[in-house]
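Coordinate inspection notes
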Amino acid sequence: MNKCLEKVYEILFIKKFLNQEWQKVKLIKKKYISDDTLLLTFYYSKNPIYSYILGLDLGKHILVKINNNIISKNKEYWNNNINNEEYIIRKYTPIKLDYNTFDLLIKIYRPTNNFIDGGKMGRHIENLNINDYILVKGPCGRINIENILFNKKINKLILIAGGSGITPIYQVITYIIKKKLNINMTLIYANKTFNDILLLDELLNYSKYLNLIFFLENYNNNLNYNYYNKYKLLKGYITENIIEQDINNLYLLCGPPPMINCVNKFIKLKNNIIIL
Ligand SMILES: Cc1cc2nc3c(=O)[nH]c(=O)nc-3n(C[C@H](O)[C@H](O)[C@H](O)COP(=O)(O)OP(=O)(O)OC[C@H]3O[C@@H](n4cnc5c(N)ncnc54)[C@H](O)[C@@H]3O)c2cc1C
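Since the structure is predicted, the reported quantities are computational estimates derived from the model, not experimental observations.

Details of the site of the ligand
- What surrounds the ligand is a group of 24 residues, the closest being Tyr109, Gly119, Met121, Ser164 and Thr167.
- Broken down by secondary-structure element, the contributors of at least two residues to the shell around the ligand are strand 8 (87-92), strand 10 (101-107), helix 2 (120-126) and helix 4 (166-178).
- Per element, the largest residue contribution to the shell around the ligand is four residues, and it comes from strand 10.
- Here the shell around the ligand is composed, by residue class, of eleven nonpolar, eight polar and five charged.
- The residues that make up the shell around the ligand include at least three from each of domain 1 (3-140) and domain 2 (145-275).

Okay, here's the thing in structure tokens:
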């Protein structure tokens, strides 16, 4: 098909799925990536004549909503808080977008002494069966990263992620690599343990395009971490000295609020920070 016909086909037969309303998507694949991380593929379509794209710009996320009765209907408390909400709603960033499908990588927080019931959405999602539906809505997020990448002078993109906050950051890295944008990138990614690092293989595959720095809260001196030549591995929490400060650097942050608050204080150039 020539370029012109391709464009006409796109206009006539490819539609955006997301429309700011809650819509059903069907779980069609579910795979454990590790003990507590699931890779899920969802299918969506409104009309078989058309092919759908999700319609999610770079750096934006979707909301996922499920009924709060799948595993917790008879529980008065969840993690010692009153459990009376009808729905659970959380933010997620697909790591892969295709026609009529998208993939979510979801971390499941298991029950611990501090969180006796664990993470609510993760545990609910884990209980979903193939062909079950969830509700999604979007696109959400204020910032169009694509515009910024094309219109702002960026010396270096400093990406800072904690835990599952890597997913929107990964989306940006993938975009820059696929579009062959000439942007220097450093990823600083903090986790509790080495096994908690999400998308590790994918990040290692990107290591020739970006500088990789991992921080581990529980660094085990006795462990022989593999691929050591591809990344820098540091002990503890993210430190101020590791974050390069430059007027033309752009800082993209996503992670748990305590980590983001702390890292935010380290960065002097407040106007150059984007929190996803
Ligand atoms: C823009 C954006 C994009 C995101 N994208 C993704 C994504 O793609 N994938 C993804 O997995 N998450 C993503 N998140 C996080 C997601 O929205 C949820 O916050 C996360 O899935 C936890 O939800 P939950 O209901 O399972 O846990 P909740 O019940 O909301 O638990 C809240 C918090 O309590 C703590 N907690 C609970 N149990 C434990 C435990 N056992 N150990 C330690 N801490 C615990 C954790 O800090 C947890 O985040 C994103 C967040 C944002 C802001």
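Here we look at the nonpolar core
- Counting residues in each nonpolar core, the largest one holds 54 residues, and the members touching the most others are Leu159, Ile160, Ile169, Ile173, Leu187 and Leu252.
- Among the elements that make up this core, the one with the highest residue count is helix 4 (six residues).
- Residue assignment places this core across two domains, with domain 1 (3-140) and domain 2 (145-275) each supplying three or more.
- In this structure, leucine 159 is in contact with Ile169, Val172, Ile173, Met185, Thr186, Leu187 and Leu252, ignoring residues within four places of it in sequence.

Points about the sheet that holds strand 3 (residues 37-43)
- Here seven strands make up an open sheet; going across it, the order is 8-5-11-2-3-10-9 and the pairing antiparallel. The outermost strands of the open sheet, each flanked by one partner alone, are strand 8 and strand 9 (96-98). Shown here is a sheet whose adjacent strand axes are inclined to one another by a mean of 35°, direction ignored.
- With four bridges joining them, strand 2 (residues 23-34) and strand 11 (residues 133-140) adopt antiparallel strand pairing. Residue pairing in the sheet places lysine 24 in a bridge with leucine 135 of strand 11.

Focus: the sheet that holds strand 14 (residues 210-216)
- The sheet built from six strands is open, its strands ordered 15-14-13-12-16-17 with parallel pairing. Each of the sheet's edge strands pairs with one partner strand only, and the pair in question is strand 15 (232-235) and strand 17 (273-275). Averaged over all pairs of adjacent strands, the angle between their axes in this sheet comes to 15°, without regard to strand direction.
- As paired strands, strand 13 (residues 184-191) and strand 14 are joined by seven bridges and run parallel to one another.

Describing the pairing of strand 2
- Examined bridge by bridge, strand 2 and strand 3 share seven bridges and lie antiparallel to one another. Residue pairing in the sheet places lysine 30 in a bridge with leucine 40 of strand 3.
- Once strand 2 ends, the chain turns through two residues before running back antiparallel as strand 3.

Quick look at the domain arrangement of the protein chain
- Its domain assignment divides the protein chain into domain 1 (3-140) and domain 2 (145-275).
- Looking at the side of domain 1 that touches domain 2 residue by residue, the classes come out as three nonpolar, five polar and two charged.

Brief notes about the pairing of strand 13
- Across the eight residues that make up strand 13, a large majority, six, are buried.
- Examined bridge by bridge, strand 12 (residues 156-162) and strand 13 share seven bridges and lie parallel to one another. Pairing of glycine 162 across the sheet is with alanine 190, part of strand 13.
- At this point the chain moves from strand 12, through helix 4, to the parallel strand 13, and the crossover so formed is right-handed.
- The parallel pair strand 13 and strand 14 is bridged by helix 5 (residues 200-205), and the resulting crossover is right-handed.

Quick notes on the environment of isoleucine 71
- As for its placement among the helices and strands, isoleucine 71 is situated in the loop between strand 5 (61-67) and strand 6 (77-78).
- Each C-alpha atom of the pair isoleucine 71 and glutamine 245 lies 46 Å from the other, and the pair is 174 residues apart in sequence.
- For isoleucine 71, the residues in contact, after removing those within four places along its chain, are Arg123, His124 and Asn127.

Thoughts on helix 4
- The first and last C-alpha atoms of helix 4 sit 18 Å apart over 13 residues, in line with the 18 Å expected at 1.5 Å per residue.
- Buried within helix 4 are the following residues: Ile166, Thr167, Pro168, Ile169, Tyr170, Gln171, Val172, Ile173 and Ile176.
- One or two residues past the end of helix 4 sits lysine 180, with phi positive at roughly 55°.

Scoring rules and cut-offs
Residues numbered from 1 in each chain as written. Predicted model: local features only at pLDDT ≥ 70, side-chain atom pairs only at ≥ 80, totals over all residues. Near = placed C-beta within 6 Å. Helix = DSSP H or I, 4+ residues; strand = E, 2+ residues; numbered from the N terminus. Nonpolar A, V, L, I, M, F, W, Y, C, P; charged D, E, K, R; others polar. Domains from an automatic or database assignment. Core = buried A, V, L, I, M, F, W, Y, C linked by C-beta atoms within 7 Å. Buried ≥ 20, exposed ≤ 12 C-beta atoms within 10 Å, placed from the backbone. Contact = placed C-beta atoms within 7 Å. Pairing = 2+ DSSP bridges. Axes fitted to C-alpha atoms, helices over the stretch in contact; angles between N-to-C directions. Right-handed = clockwise from strand over helix to strand, strands pointing away. Expected span 1.5 Å × (residues − 1).

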